[in-house]
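# Examining the three-dimensional arrangement
Given next are the chains, with one letter for each unit.
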Amino acid sequence: MNTIAQHWIDGQWTGSGSVLESINPADGTVVGSFYDGGEAEAAAAVDAAAAAFTATAWARTPSLRATALGRLADALEARVPEVAAMLSRENGKLLGETTWEVSGAVGWLRYAAASVRTQTAGRAAETAPGQYTHSVPEPLGVAGIISPWNSPIMLTVRALGPALAAGCTAVVKLPAQTALTNELFAQVLASVPEIPAGVVSVFTESGNTGAPFLVSSDKVDVINYTGSTPVGRRIAAAASTTLKRLGLELGGKAPMVIFPDADLDMVIPTVVQSLVLMNGQFCCTGSRVLVHRDIADQVRTRLTSALAQVRLGSGDDEKAQLGPVIDRASAQRVDAIVEEAASYGTVLLRGGVVTDGPLAAGAFYRPSLIEVDRTDVRIVQEEVFGPVQTFEVFDDEDDAVTKANATIYGLAASVFSSDSMKARRIARRIRTGTVWINTWGAISEDFEEGGVKGSGYGYLCGPRAIEEFQALKVYVEQDHTQSAH
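Rules used in this analysis
Residues numbered from 1 in each chain as written. Predicted model: local features only at pLDDT ≥ 70, side-chain atom pairs only at ≥ 80, totals over all residues. Heavy atoms only, no water. Helix = DSSP H or I, 4+ residues; strand = E, 2+ residues; numbered from the N terminus. Rg over C-alpha atoms; globule rule 2.2 N^0.38 Å. Buried < 20%, exposed > 50% of the residue type's maximum accessible area, 1.4 Å probe, protein only. Salt bridge = Lys/Arg side-chain N within 4 Å of Asp/Glu carboxyl O. UniProt positions renumbered as here; feature names shortened; annotations may be inferred. Contact = heavy atoms within 4.5 Å. Polar contact = N/O pair within 3.5 Å; in protein donor to acceptor, adjacent residues only side chain to side chain. 1 Å grid on protein atoms, 1.4 Å probe; cavity = no way out; pocket = protein on both sides within 12 Å on 5 of 7 lines; lining within 4 Å. Points joined across faces, edges and corners; volume = space filled by probe spheres on them. Nonpolar A, V, L, I, M, F, W, Y, C, P; charged D, E, K, R; others polar. Disulfide = S-S within 2.5 Å. Pairing = 2+ DSSP bridges. Axes fitted to C-alpha atoms, helices over the stretch in contact; angles between N-to-C directions. Core = buried A, V, L, I, M, F, W, Y, C linked by side-chain atoms within 4.5 Å.

## Some words on the overall build of the chain
Looking only at helices and strands, one finds 14 helices and 22 strands in the chain. Whereas a compact globule of 485 residues would reach a radius of gyration of roughly 23 Å, the chain reaches 24 Å, a difference of no more than 12%. Projecting the C-alpha coordinates of the chain onto the three principal axes gives extents of approximately 80 × 60 × 40 Å. Of all 485 residues assigned to the chain, the portion counted as buried reaches 56%.

## Section: the side chain of glutamine 187
Position of glutamine 187 relative to the elements: it lies in helix α6 (residues 179-190). Note on glutamine 187: relative accessible area 17%, which makes it buried.

## A word on the pattern of salt bridges
Going through the model one piece at a time under the given rule, you end up with 24 salt bridges. Notably, a salt bridge pairs arginine 79 with glutamate 82, separated by 2.9 Å at the nearest N-O pair. On the basis of relative accessibility, which here comes to 38%, the residue glutamate 82 falls in the partly exposed class. Of the charged contacts in the structure, one is a salt bridge between arginine 300 and glutamate 371, with a shortest N-O distance of 2.8 Å. Here glutamate 371 lies in strand β17 (residues 368-371) and arginine 300 lies in helix α10 (residues 296-308), a separation of 71 residues in the sequence. Taking relative accessible area as the criterion, glutamate 371 reaches 17% and is therefore assigned buried. Members of the salt-bridge network, linked through shared partners, are Asp74, Glu77 and Arg110.

## Brief notes about the UniProt feature "active site" (unreviewed entry) in the chain
This chain's UniProt record puts "active site" (unreviewed entry) on Glu249. Of note, glutamate 249 is situated in strand β11 (residues 245-249). Glutamate 249 sits in the buried class, given a relative accessible area of 8%. Not counting the four nearest positions on each side in its chain, glutamate 249 is found in contact with Arg158, Tyr225, Thr226, Gly227, Cys283, Leu411, Glu449, Gly450 and Ser455. Only 3.0 Å separates the side chain of glutamate 249 from the side chain of arginine 158, close enough to count as a polar contact.

## As for empty space enclosed by the protein
Any empty space left between atoms is shown by rolling a water-sized probe over those atoms. In the structure shown here, the tally under the stated rule is six cavities of 30 Å³ or more. Estimated volume of the largest cavity: approximately 110 Å³. What lines the largest cavity is a set of 13 residues, among which Trp108, Tyr111, Pro162, Cys461 and Ala465 lie closest to the centre. Contributions of two or more residues to the lining of the largest cavity are made by α4 (95-118) and α5 (152-166). With four residues, α4 is the single largest residue contributor to the lining of the largest cavity. Residue composition of the lining of the largest cavity, by class: eight nonpolar, three polar and two charged.

## So, the UniProt feature "domain: Aldehyde dehydrogenase" (unreviewed entry) in the chain
With numbering matched to this structure, UniProt assigns "domain: Aldehyde dehydrogenase" (unreviewed entry) to residues 18-473. With 39% helix and 22% strand, residues 18-473 has end C-alpha atoms that lie 44 Å from one another.

## Details of the state of the cysteines
In total, this model carries zero disulfides according to the counting rule given. Distance from the sulfur of cysteine 283, which forms no disulfide, to the nearest cysteine sulfur (cysteine 284) is 4.2 Å. Given the relative accessible area of 12%, cysteine 283 is considered buried. The class of cysteine 284 is buried, set by a relative accessible area of 11%.

## Observations regarding the layout of surface pockets
Put simply, the largest pocket is a space of about 1,100 Å³. Considering the residues around the largest pocket, the lining is formed by 43 residues, among which Trp149, Tyr225, Gly227, Ser228 and Val231 are closest to the centre. At the level of secondary structure, the elements contributing two or more residues to the lining of the largest pocket comprise β8 (169-175), α7 (210-216), β10 (222-226), α8 (229-239) and α11 (328-341). The dominant element in the lining of the largest pocket, judged by the number of residues it contributes, is α8, at six residues. Along the lines of polarity and charge, the residues of the lining of the largest pocket split into 21 nonpolar, 13 polar and nine charged.

## Quick notes on the sheet that holds strand β18 (residues 388-394)
Ordered by their spatial adjacency, seven strands build an open sheet running β14-β17-β18-β13-β12-β19-β20, and the pairing between neighbours is mixed. If you trace the sheet from one side to the other, it starts and ends with β14 (346-349) and β20 (434-437), each paired once. Direction aside, neighbouring strands of the sheet carry axes that sit 25 degrees apart on average. The pairing of strand β12 (residues 255-258) with strand β13 (residues 288-292) spans four bridges and is parallel. By the bridge assignment, methionine 256 is partnered in β13 with valine 289.

## Observations regarding the nonpolar core
Considering soluble globular proteins, one finds that nonpolar side chains tend to be buried as a cluster. Membership of the largest hydrophobic core comes to 59 residues, with the highest contact counts inside it found for Leu160, Val200 and Phe469. With nine residues, α5 is the single largest residue contributor to this core. Membership of the second largest hydrophobic core comes to 37 residues, among which are Leu277, Met278, Leu312 and Trp440.

Written as structure tokens, this is what we have:
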């Protein structure tokens, strides 16, 4: 790596901006230093992407894009252990989780490479005598990709893969919390000679000038953003001035709906895993546990006990189930939400900030479980982004659906029941983009991801992903030697 992590812009390493430190949230130590970018870096990257879109063969050569994406997958696969280890140090996730993330991103790149061959062709027909019509999907142009720190490699690749497959050029804005990981990913991009200079640029930003530039620039044709709903609303408003295409995957409050006929020996560990994965900092975190009244006492006891036994530890602790949140300020923010909830709910398990012992130097937060009987309270209505669950009781199917749909979010949900028809019936009525039945968190590059309501719009993964970065052009030709009537 560079001594100080740099940006990768127009095929060159760029050391511009102030120098900041990347901090390990598990112990507060300095992982390394990086150049902090902003509007200047974004503008340079956009200019490079716009030039590469028109001046190179990238947008017009599917074979080049397919080869490049395949080799990008190979290059990332060769560095999975290195990238995963750095990501674990920077954002606190367990090493097994970061290894899964980076390895999964390899598969998503291979899917994108395949989509070049299968989803860039149009269709044709003689629509009237002597009139020949055909349609061709074309790349939109320059794509701006704004990714979060909780899963930066996978969530970047999830958008970058189909953007490049479509023939777009791209500017990727990555978060300061994973700055050294960002440079490793840029190194992988830089190692693929089939990607012309300027086709992909990567810059890191801690502030809020570069990303808004991408959103407002008339040279950027499509934005993909993954992050919070409030920021997503601001992006949608700012992008309206240029009417650019948007893909927004925003916040979530995933309900975990448990019926009396569910297998609790499977459900309890699944619900715990839905909370601790990514240290509770995941848009699909199972933050709301909805339990039928007939089994409420049993689930309440078992879940409280299971959460109390969750083992905390740093990313390289093979026995740990839960790592730190991203920083100590976040741990205090989460604790304030739990403390407030104690005033209107029943505290089943009061976790909290770890303030003593070997983990005290980090940003660790023990799981909390709060029982509430209202859906209009903050802990139900807002994304906590930490290892905190609410426990809510329902009486019948209608009550379960009403409560599951009681927030602005519509990203994901789970339904647990041994009655498959009932589970599907409930799943059909829950307004989310994904519903897992008797499981949680299962994702695949073969099927789309996306939300409804306050969780955004647009799709990534699956065959629709490339369409988010394409426009359809229709050509009509008339043979005047024949009648068109």
